[in-house]
Amino acid sequence: MAYASPFMEMPANGVRAPWARRGGKGWLLLLALGLAGWPARALDPARALPACAHRFWNTENGLLQDTATALLESRDGFLWIGAEEGLVRFDGARFVPFSRVNAPTFTNTGVRCLADTTDGALWIGTSQPGLYRLRGGAFTRLGSEQGLPDIPIRRLFRDRQGTLWAAPEEGPLLRLEGARFQAVPCDAAHLRIRALAQGPDGTLWAGGADSGLWRLHDGRLVLSALTPGEISALDVTPDGQVWVGTRTGGLLAYHQGRLETPAWARALPASAILTLLADREGSLWIGTDRAGLFRHTPDGRLERPPWGATGPWGVLSLLEDSSGALWVGTENRGLHLISEVPFQPVPGPGNDPQAPVRMVCEDAGGTVWCLLGDHRLAVLQGGQVTRFPTGALLERSGASALWPRRAGGLWVGTPDGDILLFERGGARRLAPSLGDAVLALYEDPGGSLWVSTVRQGLRRLAPGGGDELLFPADQGVVAMAGGGQEPLYLGSRSRGLGRMEKGQVHWLGGAEGLDSLSVLSLRLDETGDLWVGTQDGLRLYREGAFQRFPALPEPLRMAIHAILEDTDGRLWVTTRQGVVRVDKAALLATLDRPGPVPLVSFDQRDGLPSREMNQGPQPAAWRTQEGDLCLPTGRGLAVLDARLRPPAAPRLQVHLEQVLSDERALPLASGMTLPPGVHRLEIHYTATCLSAGERIRFRYRLAGFDQSWNEVGQRRFAVYSNLPPGRYHFLLEAWNPEDDGPPKQTGFDLTLEPYLYQRPVFWAFCGLVVLAFAGWLHRLRLQQLEARSAVLAERNRMAREIHDHLAQGFTGVLLQMEAAEALLGRLQGDPKPVLTRLEHARQLASDSLQEARRSVMALRPRKPEGTDLLGAIRLLADRLLVGTDIRVDLAQSGRPRSLSEAMEEELLRMAQETLTNALRHGRARAIQVLLAWEGRRVRLSIQDDGRGFDPKAQSAGYGMRSIRETLRRLRGRLDVESRPGAGARITITLPLRRWRP
């Protein structure tokens, strides 16, 4: 576009700049713009290469080498780069090398050519014989078993039908059929193919080193044209034109069976042509050995990129990706990218191409005016910003504000308080001077000019020189909108938003819902909605109140310097971080239905000279009559033709790269199962977006663990530690801020197996164990109760024995004593009868005392310290049988074992009961005691020669019943052998256990 000043004539030769406006009504910027949403296409051939963005990478940016011998965009969106030292994969942000270091099976790393097939395999030709195939992350070397010759493969090519072709250094062309390569018949005795290409009609063309141009016809190669030089490059444009690059003969075109040099190609330097690429728009890109890169457009223009015009450099490979961007692989100069951008920086005046621009506007005649950073006036003309000769009017102080006049011309305010009008025929000053610096100007629909000053406030200059109105209290106004028959809105940095009606200004604040008192920009749309740019983001004033957006995106919560609306109803806002585009209808819809707001962000990578937009008084941005957007920045002016259909956005695909479980790689699958005990889980992912990879944003969520999304920006991995066992689903989203479409998603199911103790069956088993233990405790309690009952029964027995023996004995003693007393009272003769009575009393007392001792011992016999069980039984027998002539023999067999104190006491008590019975009831004269230790049990046998008894008749006796209850509790056994007159043998057997219930 070229903007012509009404005071400046066009160049004498009448030639317009490339931006010159059609029809002579101003200017039209014809840019090759790149906004999200277009289908795949090439770089616009009508746009000069200087208008395109250029980026490059070398070893300092992560590239394996500065030489790129081969380029390929695979079906999954990755860019593959061949180098002398190996293979490199690029996702738009990161380079991942493959060489002998990290891929031991990939031994020959001098990559010469690349191709991919429909099954997702990558085929690699190197400087050594054979091929490599990369599929599923594994390299496989192919050789003679697959039909390949024992010489290197020079070219690989996959046609549109999916067939893979291979051209060796010397020999016939090979075609992959199934798992083997088959030779294509050819009449040439020696064939050295150096280039392959396919035309729009499907014809396969091959260029030989010394045999000319060939084409595939009916399954065999047929010679189409001879050439004296070696064919080194080959391609076919969409219209079917075959182009041939040679090492010594330049560029040739195939026409009617002959190879001819077109006239325009003679302008190419005398350098070998190494590669050719015909893009989708019909332009031919030419890579030379020493002269760099050239483009020939369909309209006949031959050009070279400005960044490659100095010094010798060679182009080894060219690639047009799915978005139309061009990738250039060079020799020793790294990897280059040429792409379209939405904004075109406009060079500044003279020797300062990045001169700051403060304000911009377009007058009624189509001239675009700029206010430069040095307060000088300029116009957009001839494809650049040019200073406007103002003469003495602005020589001293320059300009501080400007606004277009509706009737034609331009209003200009100065720091001295002057108001100037520039129109056809000259410029004039409105008298008198205001005496205060002009901050902003605005002409309302009624023709009144509003002047904001620094100290004197706001003034209105009526059209035609009418009455002047002064509002001294309204200072610091930097933006104005509306007016005429409608209210005039004022934006102030310190007072917020003002509304003027009938000469009165009402400043709006918190009562109306305005939460920021610093208003920077205003935009009144056709529906009457007032869009307010504040220091704290974008606001909407509608029907007397501010509407609050429930979920305003972060870029719209920054300071808004300017607000524009294009012809498609989209808002463009400028911030300190660049430019944001948002669909107005979608934003308004969130007032009723809260939800995400799709927006697109732009910065220097989109052609802006700087992402810091001008934040001064209005107009800080402008939309022209033809819909073009002009944005002033701190490094010059940027222009956007918003009417042009945006080109295709870079294709975005999301990939899971690797899943690590405690640093051990897992095979990628839609469902993964991890063993128990995983402490650290790492998930590495990426997204391929070749020309905008560094912009991609990610977020992820592990359903079943994360409560919300993890917004991680550009980070390409997720880490989880000590996940509990369970089933999860990992979901990953990626999006390009330049694209307002929905995010791309991928994910997988994840199962973390539990340990045995974490499984439900384990807890069920534990429940059963607890129930069993509770049952055991219950039985133990019952046995304790039984033991208590036995103690009570024993006490009752002792009470009966005391009653039967001691009580009766002492009663007899009392009777004898009373009788003795009576006799003594009547004694008159011999005292012998009295002495006899006393002797009887003494005997009864002695017997009763012995019985009392036995009863006391029966309460709880104890083993004396330092004696074993047999010794304790011996002491017990001695105490029981003292004063009698009964003989006791004790014996022991087996190896004595240590018993618990409780068990020893129980054995002693049962031995005491048995010995007492033998003494008291059996009237024995000899007793034999045997203590036998037998493996896991102890046996106590007591045998006497007394009267004996019938075991059945005596089983109900209290002593024997007590012994049986004790043995039942101790899991023992009682054996009784006796009959009347034959003595008795009592055997007690107890198990030896480490614990008992």
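Everything here concerns the structure above.
Just so you know, these numbers come straight off a predicted model, no measurement behind them. (Residues numbered from 1 in each chain as written. Predicted model: local features only at pLDDT ≥ 70, side-chain atom pairs only at ≥ 80, totals over all residues. Heavy atoms only, no water.)

## Some details on helix 5 (residues 901-920)
Then step 1. Across its 20 residues, helix 5 extends 28 Å between first and last C-alpha, which sits within 8% of the 28 Å expected from 1.5 Å per residue.
Then step 2. Most of helix 5 sits inside the fold, with 16 of its 20 residues counted as buried. (Helix = DSSP H or I, 4+ residues; strand = E, 2+ residues; numbered from the N terminus. Expected span 1.5 Å × (residues − 1). Buried < 20%, exposed > 50% of the residue type's maximum accessible area, 1.4 Å probe, protein only.)

## Some points on the nonpolar core
Then step 1. With 49 residues, the main nonpolar core has Leu377 and Leu637 as its most contacted residues.
Then step 2. Sorting elements by how many residues they give to this core places strand 31 (residues 368-372) first, with five residues.
Then step 3. When sequence neighbours within four positions are dropped, the list of residues in contact with leucine 377 reads Trp369, Cys370, Arg387, Phe388, Thr390, Leu394, Leu402, Leu410, Val412 and Phe422.
Then step 4. Ranked by size, the runner-up nonpolar core spans 35 residues in total, among them Leu881, Ala911, Leu919 and Ile927. (Core = buried A, V, L, I, M, F, W, Y, C linked by side-chain atoms within 4.5 Å. Contact = heavy atoms within 4.5 Å.)

## Topic: the side chain of arginine 570
Then step 1. Here arginine 570 lies in strand 51 (residues 570-575).
Then step 2. Classification of arginine 570 as buried rests on a relative accessible area of 15%.
Then step 3. A polar contact of 3.5 Å, which involves the side chain of arginine 570, links it to the side chain of aspartate 568. (Polar contact = N/O pair within 3.5 Å; in protein donor to acceptor, adjacent residues only side chain to side chain.)

## Looking at helix 4 (residues 869-880)
Then step 1. Spanning twelve residues, helix 4 covers 17 Å between terminal C-alpha atoms, matching the ideal 16 Å at 1.5 Å per step.
Then step 2. Turning to helix 4, its buried residues are Leu869, Leu870, Gly871, Ala872, Ile873, Leu876, Ala877 and Leu880.

## Concerning the pairing of strand 6 (residues 111-116)
Then step 1. Where burial is concerned, most of strand 6 is hidden: five out of the six residues are buried.
Then step 2. As paired strands, strand 6 and strand 7 (residues 122-126) are joined by five bridges and run antiparallel to one another. Pairing of cysteine 113 across the sheet is with glycine 125, part of strand 7. (Pairing = 2+ DSSP bridges.)

## Some thoughts on the sheet that holds strand 30 (residues 357-362)
Then step 1. Pairing in this open sheet of four strands is antiparallel, and the strands run 30-31-32-33 from one edge to the other. At either margin of the open sheet sits one strand with a lone partner, and together these are strand 30 and strand 33 (384-387). Looking at each pair of strands side by side, their axes are set apart by 30° on average, direction ignored.
Then step 2. The pairing of strand 32 (residues 377-381) with strand 33 spans four bridges and is antiparallel. Bridging across to strand 33, valine 379 finds its partner in threonine 386. (Axes fitted to C-alpha atoms, helices over the stretch in contact; angles between N-to-C directions.)

## Some remarks on the pattern of salt bridges
For side chains bearing opposite charge, pairing can occur when the charged atoms are close.
Then step 1. The full count for this structure, using the stated rule, is 54 salt bridges.
Then step 2. We note a salt bridge from glutamate 657 to arginine 89, for which the minimum N-O separation is 2.4 Å. Of this pair, glutamate 657 sits in strand 57 (residues 653-661) while arginine 89 sits in strand 4 (residues 86-90), placing them 568 residues apart in sequence.
Then step 3. You can call arginine 89 buried: its relative accessible area is 15%.
Then step 4. The salt bridge involving arginine 699 is made with glutamate 733; its shortest N-O contact spans 2.9 Å. Here the residue arginine 699 occupies a position in strand 61 (residues 697-703), and glutamate 733 occupies one in strand 64 (residues 726-735), the gap between them amounting to 34 residues.
Then step 5. Residue arginine 699 is classed as partly exposed on the basis of its relative accessible area of 22%.
Then step 6. Overall, glutamate 733 belongs to the buried group, its relative accessible area being 6%.
Then step 7. Put simply, Arg55, Asp603, Arg605, Asp606, Glu694 and Arg695 are held in one network by salt bridges that share partners. (Salt bridge = Lys/Arg side-chain N within 4 Å of Asp/Glu carboxyl O.)

## Some points on the packing of aromatic side chains
Then step 1. Evaluated as defined, the whole model comprises 33 aromatic pairs.
Then step 2. A ring pair is formed by phenylalanine 106 and phenylalanine 139, whose centres lie 4.7 Å apart and whose planes are at 5°; its orientation type is stacked. On the criterion of sequence distance, the pair formed by phenylalanine 106 in the loop between strand 5 (95-98) and strand 6 and phenylalanine 139 in strand 9 (residues 138-142) is long-range, its members being 33 residues apart. By the burial criterion, phenylalanine 106 is buried, and phenylalanine 139 matches it. (Phe/Tyr/Trp six-rings, centres within 6.5 Å; stacked < 30°, edge-to-face > 60°.)

## Observations concerning the pairing of strand 60 (residues 680-688)
Then step 1. Most of strand 60 sits out of view: seven of its nine residues are buried.
Then step 2. When strand 57 meets strand 60, the two strands line up antiparallel, connected through eight bridges. By the bridge assignment for strand 60, serine 661 is matched with leucine 681.
Then step 3. As defined by bridge partners, strand 60 adjoins strand 63 (residues 717-721) across five bridges and the pair is classed as antiparallel. Paired with arginine 680 across the bridge in strand 63 is serine 721.

## Observations concerning the sheet that holds strand 36 (residues 419-423)
Then step 1. Spatially, four strands are ordered 34-35-36-37 in an open sheet, and the strand pairing comes out antiparallel. Of all the strands in the sheet, the pair left with one neighbour each is strand 34 (401-404) and strand 37 (426-430). Across the sheet, the mean angle from the axis of one strand to that of its neighbour is 20°, orientation sign disregarded.
Then step 2. Bridging between strand 36 and strand 37 involves five bridges; their strand directions are antiparallel. Of the residues in strand 37, the one forming a bridge with phenylalanine 422 is alanine 427.

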